Structure formats: structure tokens, C-alpha cells
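Structure at a glance
Here are the chains, one letter per residue:
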Amino acid sequence: MDFDFTEEQVLIQKTVREFADNEVKPIAAEIDRTHGFPVETVNRMAELGFFGLSIPEAYGGSGSDYISYIMAVETLSAVSAAHGTILSAHTSLCTHPILSFGTDAQKQKYIPDLASGKKLGAFCLTEAGAGTDASAQQTTAELKSDRYVLNGSKMFITNGAVAETFLVAAVTDRAKGLKGISMFIVEKDTPGFVVGQAEEKLGICGSSTTEIILKGCAIPQENILGKEGDGFKIALQTLDSGRIGIASQAVGIAQSALDAAISYAKERKQFGKPISSNQGIQWMLAEMATKVEASRLLVMRAAWLKETGARYSKEAAMAKLTASATAMDVASKSIQIHGGLGYTKSYPVERYLRDAKITEIYEGTSEVQKMVIAANILA
Ligand code: CAA
């Protein structure tokens, strides 16, 4: 067993940290306040090669491993969870599934532009009636001569207004139930593809979340990902991996909330001494630090299992369940340590709490993670 990171992993983390501190930190509060998508820093992420992390060089990626990508999501999310969301939805939910399930032609056509960040990606699974029950898809895809015609409506689509390459789940044969769901690659400029209403959210406000409407959206037959009926399994496997990304985002948020609490506790004086000298504060900080470290270890173990090619559904679910709860708890305690100031926008800790909440919801709620864990340990 080796807990050391490789030279390459350390270098990637350093590059992401410098970028996050120098270029993202100055705008993190502003994009949260204005709900503005950070076009310039996302372009810089493309220039720096972040969208190519964990993508083979043959497709224009950096050839780095999955752990490097996970470290990048954590490091970026520590400064701006919105930036972490943009990177992880793009990579985990669009580029990776095309890499895993696509034909050679699909990989050649779509991955280089995704890996370079020339185009952003998104994943359309959720519908008004298909949230936790992802199998209750109403969107349909009907094969008419050599084109699939898609009709339906998707919601809560991360990168919805800014992505150009979308994976869309749709029913090709309702009689077959789960095995009648298929996955498609849909390009934004296809007639009948409409970006709908943008959501106003509690947190991750600088990221785009929209409805996607498909109205007679006809795509080439060869844009099916995998075979007809493979869509549900592709979606669940994609989410297994995506959940490690969200867990690392949660660790990033939690780490920042902890760091902020430590530094405030050391500088804030009450009753003539720093509040960090109170045992009540020390115990809070000790528990917070332990939870952050435990969460990171679960995330890294799940990422390592994925890297080795082993099964990791249970470990990814455990990592997300634990890390998201940690992010909520640590952010809340960090506000408590900051007192009244923590409840204001003078400090970033209130943003950390708002950003943390989504990690308990998207890519499967905490209850879904427990369903996955239970199904695995009882199998
Ligand atoms: N990988 C591959 N296949 C899997 C799998 C996995 N991890 N888990 C289950 N399957 C297979 C099963 O083997 C089974 O196949 P067979 O019938 O051939 O045996 C099939 O899928 C059905 O399995 P289940 O009966 O366990 O499936 P279920 O319908 O009960 O669903 C669930 C279980 C865990 C609740 C699942 O529906 C789920 O994860 N729901 C949550 C969906 C979710 O995370 N949505 C978030 C959307 S993405 C998002 O957040 C938007 C964004 O942009 C960020």
C-alpha cells in the first residue's frame, strides 16, 4: 500500500491550485452573487488542459490518470464549487461515457473537442418524473429510416446552456422496460434541440443548470451510444464514476470550510484570548479535520479501484454519502465558529454551506447512495 502521490499527480495538483488561487478566487464570490457563468476562467481551464485530464493522449487528452482528475476537481472546488461542477459534469458525465461506450468513430469525432475544452459536455437523464427513479424515462427516440427522432423534456442539466455535446437517455422500446432505454449523443445545433429555462439555485450559482427540450430532434442513427437497450446500464455506470467526482467536490468544499474555521479561531479573540484556546472549539475542529481526512481517503480508494479496473459502485456510493455529509457538517460548524460574521457574506463560509448541499442531492441523493450500498452488501 502506498499513500504517496506520483510526481505527475503532485504537479497537476500544484497547477490547479495556482490557477484556482490566482484566477478563480478573485471571481468566486462575484459569480456566486451574480449567478454568472465564468466564461473566461473556463476558457483558461481549457488552455491549461484541465478538460483533458484522465483522457488518453490519442484523443487529445493529457494521458494522466483518474486520480489526477479527481484531485483537480477537489482543488478547484475548494475555491469555487461552481468550477468543480463544470469540470466534473463535462468529464465524468459526457467525455468518460463516450470513451467507455463509444465506437472508434464516435471517439474520434467527439472526444478531441471535449478533451481540449473547445466544446463542453452535458448529460441528460433526469426528467420531471424520473429523478431517483431514473428508469421512469418519458423521452422517446423513434427510429425513422436512418435517424432517431427524439421527443421529450429533461431537467436539472448541468452545463445545459453552455454545452455543445449532450448525452441523452430516451426510450426506444417501452415494452422492454429498463432494457428499452437507450443513450444518444446529441449535438446542440440539431434542429429541435432547445435549451429551456435556467434554474435559480441555492448554491453552485456560477454553473449553468437548465431544462433541455427535444421536439422532433432528428439525429443520425450512428449517434446511439452502445446498443439499443444499453442506456440504463450506461447511465448507472456513468453515475458510479460521476459520484466519485461529486465526492471529491464535497471534500474540496469541506477542506476550505475547515481551513477558514482554523484561521478564524486562531485570530478571533474573546475574553482576552483566541477562541482556539477553548476546548469546545478545539474538539469541533478536531472532529471536522478527522471527517475531512476520512472522506478524502474514501474518495481516493474509490478512484484507485476505478483506476485498477475493479468494481467500485459501492465504494463510490460510500465516498459520496460520507463526503457530502462531511461537507454539510463542516461548513455548518465553520459558520458556527465564525459566529455572526459567518452568517454574512463578509466571509466565504456561508457560500460553502450553500454549495455543499447539492453534493447530497445530485448524481443520486444520499438515500440513493444508501440503496446502492445496501444492494451491494446484501447481494
Ligand atoms: N452499473 C451497471 N449496471 C447496473 C448498476 C451499475 N452501477 N446498478 C444496477 N445495474 C443494473 C442491474 O444489474 C440491473 O440489470 P439486470 O436487470 O440486467 O440485472 C439493472 O441495472 C436494474 O438494476 P436495479 O434494479 O438495481 O435498478 P433500479 O431501477 O432499482 O435503480 C437506483 C436503482 C440506484 C435507484 C438507480 O435508479 C439510481 O441510481 N437512481 C438515481 C439516479 C441519479 O443518480 N440521478 C442523477 C442524475 S444526473 C444529475 O445529477 C444531473 C447532472 O447534470 C449533475
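Presented here is a report on the structure given in the accompanying data block.

**Notes on the site of the ligand**
Residues in contact with the ligand amount to 23 residues; listed here are only the nearest, Thr132, Lys179, Asp240, Arg243 and Glu363. Thr158 is positioned with one of its side-chain polar atoms (N or O) 3.0 Å from an oxygen atom of the ligand. Take Lys179: an N or O atom from its side chain is 2.9 Å from an oxygen atom of the ligand. Out of a free accessible area of 1100 Å², the ligand has 71% covered by protein chains. Residue assignment for the shell around the ligand shows that the elements contributing at least two residues are strand E3 (147–158), helix H6 (231–267) and helix H10 (366–378). Take the shell around the ligand: its biggest share by element is 7 residues, from H6. Of the residues in the shell around the ligand, the class split is 11 nonpolar, 7 polar and 5 charged.

**Side note on helix H2 (residues 39–47)**
One turn of the α-helix equals 3.6 residues, which is why residues spaced by three or four share an orientation. All buried positions along H2 are accounted for by Thr41, Val42, Met45 and Ala46. Buried residues in H2, looked at end-on, bunch into an arc of 155 degrees, giving them a common side. Opposite the packed face of H2, turned more than 90 degrees from it, sit the exposed residues Glu40 and Glu47. Where H2 is buried, its residues meet helix H1 (7–34), helix H3 (66–79), helix H4 (81–101) and helix H5 (104–116). Positive backbone phi, approximately 85 degrees, marks Gly49, located one or two places after H2.

About the cut-offs
Residues numbered from 1 in each chain as written. Predicted model: local features only at pLDDT ≥ 70, side-chain atom pairs only at ≥ 80, totals over all residues. Heavy atoms only, no water. Near = heavy atom within 4 Å. Polar contact = N/O pair within 3.5 Å; in protein donor to acceptor, adjacent residues only side chain to side chain. Areas by Shrake-Rupley, 256 points an atom, 1.4 Å probe, with all protein chains shown as cover. Helix = DSSP H or I, 4+ residues; strand = E, 2+ residues; numbered from the N terminus. Nonpolar A, V, L, I, M, F, W, Y, C, P; charged D, E, K, R; others polar. Buried < 20%, exposed > 50% of the residue type's maximum accessible area, 1.4 Å probe, protein only. Arc of directions from axis to C-beta. Contact = heavy atoms within 4.5 Å.

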